[in-house]
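Observations on the model geometry
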Amino acid sequence: MTATHQYFSPGHVYLVGGGPGAWDLITVRGMRALQRAEVILTDHLGPTAELDKLCDTSAKKIIDVSKLPYGKQTTQEKINALLVEHARTGAVVARLKGGDPYVFGRGFEEYEHCLRHGIECEVIPGVTSAVAVPGLAGIPLTQRGLVHSFHVVSAHLPPGHPRSQVDWPALARSGGTIVVIMGVRQAGAIAGALIDAALEPTTPCAIVQEGSTEKERVFRCSLGNLAETMSRNQVRSPAVYVIGEVAGPRGDQP
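Residues numbered from 1 in each chain as written. Predicted model: local features only at pLDDT ≥ 70, side-chain atom pairs only at ≥ 80, totals over all residues. Heavy atoms only, no water.

Within an unreviewed UniProt entry, the label attached to the protein reads uroporphyrinogen-III C-methyltransferase, and the organism entered is Corynebacterium oculi.

So this is what it looks like as structure tokens:
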């Protein structure tokens, strides 16, 4: 389904990737879309808390459609309906999402919904936290001579769950860096599954909570004590953790 074959109503929707959290890590194109927008649907991730640094919020309708882990949930159906409802009035609508709209963000569902209802929709990529947050904390996901691949996993479901689509044993055998998002509560089960499959308990890990923001915290540990480290330091979402040799100490680190 492409825009060239659709009749579009007057409104326009931007699906904006807001980046990993800090307001100045959004793209220039994303910032300009927010400035053009008359209605902005925000998440709890990305630069929502500092939206006034990106545009004049007093002249816009701001709608909170957060999906908090184990907390407030705005259904995807409700979000889809709001996009169409406001665009059909002729408004320019920005859907501000954390990270990148197409990396565990359900952005493609929103894109398809808009097109099905005759609403022109433009995707503006963002910097995904899965890559940016480790990078900002000094952790490369690949490194010449050490590792040449990485895998990004959404872990809101634990290993062995009937609805999980993640092959944890295959990841353990892949030899690549493993980046886990939305997986704080499942850290113990994930570590256990990876150790049972192939990885050593001594495999280095790094945990980054609220990366790119003033509240950022970074912890380093081994796979065998990943869950204990999170519990002891009261790590909460949003957090990203990296499993693999790249997470270990290097010469430029204490």
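From this point on, the discussion continues.
1. Description of the domain arrangement of the protein
Per the domain assignment, the segments making up the protein are domain 1 (12-124) and domain 2 (129-247). The C-alpha-based centres of domain 1 and domain 2 are spaced at 28 Å. Taken together, the contact between domain 1 and domain 2 spans nine residues of the former and 17 residues of the latter. Taken together, the two surfaces of domain 1 and domain 2 that pack against each other cover about 840 Å², and 73% of this comes from carbon and sulfur. (Domains from an automatic or database assignment. Contact = heavy atoms within 4.5 Å. Buried area = accessible area lost by both parts, 1.4 Å probe.)

2. Comments concerning the sheet that holds strand β6 (residues 150-154)
Overall, mixed pairing links the five strands, which are arranged β6-β7-β10-β8-β9 in an open sheet. The open sheet terminates on both sides in strands that have one partner only, identified here as β6 and β9 (217-222). Going from strand to strand, the sheet's axes swing by 20 degrees on average, the running direction of each strand aside. Where β6 and strand β7 (residues 177-181) come together, five bridges link them in parallel fashion. Directly across from Val153, in β7, lies its bridge partner Val180. Its contacts with the sheet place helix α4 (residues 129-136) against β6, β7, β8 (204-209) and β10 (239-243), and it is angled at close to 75 degrees to β10. (Pairing = 2+ DSSP bridges. Helix = DSSP H or I, 4+ residues; strand = E, 2+ residues; numbered from the N terminus. Axes fitted to C-alpha atoms, helices over the stretch in contact; angles between N-to-C directions.)

3. Brief notes about helix α1 (residues 28-36)
Every buried residue belonging to α1 is among Gly30, Ala33 and Leu34, and all of these are buried. Looking down the long axis of α1, one finds its buried residues gathered within 100 degrees of arc, a one-sided arrangement. As for α1, its buried residues are in contact with β1 (12-17), β2 (39-42), β4 (92-97) and β5 (120-124). (Buried < 20%, exposed > 50% of the residue type's maximum accessible area, 1.4 Å probe, protein only. Arc of directions from axis to C-beta.)

4. Describing the nonpolar core
In this structure, Trp168, Leu194, Leu226, Tyr241 and Ile243 are the most contacted members of the largest nonpolar core, which totals 25 residues. A per-element tally of this core places helix α6 (residues 187-197) first, with five residues. Those residues in contact with Leu226 that sit more than four places away from it in its chain are Ala187, Ala191, Cys205, Ile207, Cys221 and Tyr241. Membership of the second largest hydrophobic core comes to 18 residues, among which are Val65, Ile79, Leu82 and Tyr111. (Core = buried A, V, L, I, M, F, W, Y, C linked by side-chain atoms within 4.5 Å.)

5. Comments concerning the pairing of β2
Where burial is concerned, the two faces of β2 agree: the one with Val39 and Leu41 and the one with Ile40 and Thr42 are both buried. Sheet topology note: the β2/strand β3 (residues 61-64) ladder contains four bridges and is parallel. Each residue of the ladder has a partner; that of Val39, found in β3, is Lys61. Examined bridge by bridge, β2 and β4 share four bridges and lie parallel to one another. In the sheet register, Ile40 faces β4, and the bridge partner there is Ala94.

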